[in-house]
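Tertiary structure, described
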Amino acid sequence: MRVIVCENAQEVAKEAAKIFAAQVYMKPNSVLGLATGSTPVGMYKILADMNKNGEISFKDCKSFNLDEYYPLAPTHDQSYRYFMNVNFFDHIDIDKANTRVPDGLAEDPAAMGAEYDAAIDAAGGVDIQVLGIGQNGHIAFNEPDEKLVAGTHLTSLTESTINANARFFEKKEDVPTQAVTMGMASIMKAKTIILLATGKAKHDAVKELLDDKITTSNPATLLKLHPNTIIIADKDAYNG
Ligand code: PGA
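Structure report, in brief. (Residues numbered from 1 in each chain as written. Predicted model: local features only at pLDDT ≥ 70, side-chain atom pairs only at ≥ 80, totals over all residues. Heavy atoms only, no water.)

1. Side note on the site of the ligand
Taken together, the neighbourhood of the ligand is formed by G37, S38, T39, G132, I133, G134, H138, R167 and K202. At 2.6 Å from an oxygen atom of the ligand is found a side-chain nitrogen or oxygen belonging to H138. The separation between an oxygen atom of the ligand and a polar side-chain atom of K202 is 2.6 Å. For the ligand, whose accessible area on its own is 280 Å², the fraction buried by protein is 83%. Partitioned by chemical class, the residues of the shell around the ligand number one nonpolar, six polar and two charged. (Near = heavy atom within 4 Å. Polar contact = N/O pair within 3.5 Å; in protein donor to acceptor, adjacent residues only side chain to side chain. Areas by Shrake-Rupley, 256 points an atom, 1.4 Å probe, with all protein chains shown as cover. Nonpolar A, V, L, I, M, F, W, Y, C, P; charged D, E, K, R; others polar.)

2. Digging into the pattern of salt bridges
Under the defined criterion, the tally for this structure stands at 15 salt bridges. Note that D127 and K27 form a salt bridge whose closest N and O atoms lie 2.9 Å from each other. Remark: K27 occurs in the loop between α1 (9–26) and β2 (31–34) and D127 occurs in the loop between α4 (109–122) and β6 (128–131); sequence separation between them is 100 residues. Between D236 and K200 there is a salt bridge, with the nearest N and O atoms lying 3.7 Å from each other. Remark: K200 occurs in the loop between β9 (192–197) and α7 (203–210) and D236 occurs in helix α8 (residues 235–239); sequence separation between them is 36 residues. Given the relative accessible area of 34%, D236 is considered partly exposed. Among the charged side chains, a salt-bridge network with shared partners connects K27, D127 and K191. (Salt bridge = Lys/Arg side-chain N within 4 Å of Asp/Glu carboxyl O. Helix = DSSP H or I, 4+ residues; strand = E, 2+ residues; numbered from the N terminus. Buried < 20%, exposed > 50% of the residue type's maximum accessible area, 1.4 Å probe, protein only.)

Rendered as structure tokens:
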């Protein structure tokens, strides 16, 4: 694992955008693994500006997002499909038909998950996967547990995640208690992974990620088994 420590969140966004843009520049038809949450928003903004300035193009890229609340319609303003449109896709030249987010309304989430993983494989696999990290060490919605799941699946959110995400909803009771998420193997198959972490609230999770423990109680620690993961953290997340 390579670790890049930055002064602040804006510098994290810049470093992440540099690596992400390099991937797209080197391979214009890259398969992008994308994440929602507040952390990658700065990176998306920089990439959208680069696209606008003609420095990079996403027109031949495909994308797969990590997760979606369940059940939630893609048109809901807290859905991750909506988030991606507003924060990234509406501002770049990607063909939206080539952007996928797990279906938060799937009648059969297991079948949807299997099809989603197959679609990623059929596209050639994810070239670069962006990840945030939960305060509890989750990646996507793979929550700390005794067992982790390999493929895209339906899961329940922990109290910690519901509390952390309540800020986006009118009230905590409105936060969906379930989600469909790419699994640990779906994520670990990506050729390059960049994990972004900012703020003191992430320090405990990041600290475990940087020590030598690998545990399902902090799913992010499994990234130590991945051959090409880059952690980009600001000083608050790194030092506490
Ligand atoms: P955040 O979420 O970027 O909003 O902090 C990250 C995550 O929960 O994975």
